[in-house]
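# Fold and contact review
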Amino acid sequence: QVPLVESGGGLVQAGGSLRLSCAASGRIFSSYGMGWFRQAPGQEREFVAVVRWSVGSTYYADSVKGRFTISGDGPRNAVYLQMNLLEPVDAAVYYCAAGRQAGAILRFPTGYDLWGRGTQVTVGS
């Protein structure tokens, strides 16, 4: 059973919006934070955004700042990503993840303990 399940991906034209959702499929640990990453073909998985439940803070990659918004429900281990003004360069498989560690490590894939299988986002030009 996949611990985290993403949904909401799809095809959108440049300038459009999508809202991604991610929720735990069953009982998991109490996470310190949850994040979104993305991976385009032939590229490494890159950080997009993170929300830290205990301090109520969010952090974004420079490439999405001002266009994407992360939010969620900590006790339910659910996280969302509102993506506006999408560009072709945003096209990728988007993954959500949950981590138990605090600090800047949550900007890196190694900071997370559980992952979803991803949801495809395609942006037409």
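Bear in mind the structure is a predicted one, so any value in this text is a computation, not a measurement. (Residues numbered from 1 in each chain as written. Predicted model: local features only at pLDDT ≥ 70, side-chain atom pairs only at ≥ 80, totals over all residues. Heavy atoms only, no water.)

## Quick look at the state of the cysteines
- Tallied over the entire structure, the rule returns one disulfide.
- Note on cysteine connectivity: Cys22 is disulfide-linked to Cys96, with sulfurs 1.8 Å apart. Across the S-S bond linking Cys22 and Cys96, the dihedral sits near 50°, which makes this disulfide right-handed. With Cys22 in strand S3 (residues 18-24) and Cys96 in strand S9 (residues 92-99), the pair connects residues that are 74 residues apart, well separated along the chain. (Disulfide = S-S within 2.5 Å. Helix = DSSP H or I, 4+ residues; strand = E, 2+ residues; numbered from the N terminus.)

## A word on the nonpolar core
- Membership of the largest hydrophobic core comes to 35 residues, with the highest contact counts inside it found for Trp36, Leu81, Met83 and Tyr94.
- Secondary-structure elements contributing two or more residues to this core are S3, strand S4 (33-39), strand S5 (46-52), strand S7 (68-73), strand S8 (78-83), S9 and strand S11 (119-124).
- Apart from residues lying up to four places away in sequence, Leu81 is in contact with Leu18, Arg19, Leu20, Trp36, Val48, Ala49, Phe68, Thr69, Ile70 and Tyr94. (Core = buried A, V, L, I, M, F, W, Y, C linked by side-chain atoms within 4.5 Å. Buried < 20%, exposed > 50% of the residue type's maximum accessible area, 1.4 Å probe, protein only. Contact = heavy atoms within 4.5 Å.)

## Quick look at unusual backbone geometry
- Of note in the backbone geometry, Asn77 takes a positive phi value of approximately 50° without being a glycine.
- Overall, the relative accessible area of 5% leaves Asn77 in the buried class.
- One non-glycine residue, Leu85, lies in the positive phi region at around 50°.
- Tracing the chain through its elements places Leu85 in the loop between S8 and S9.

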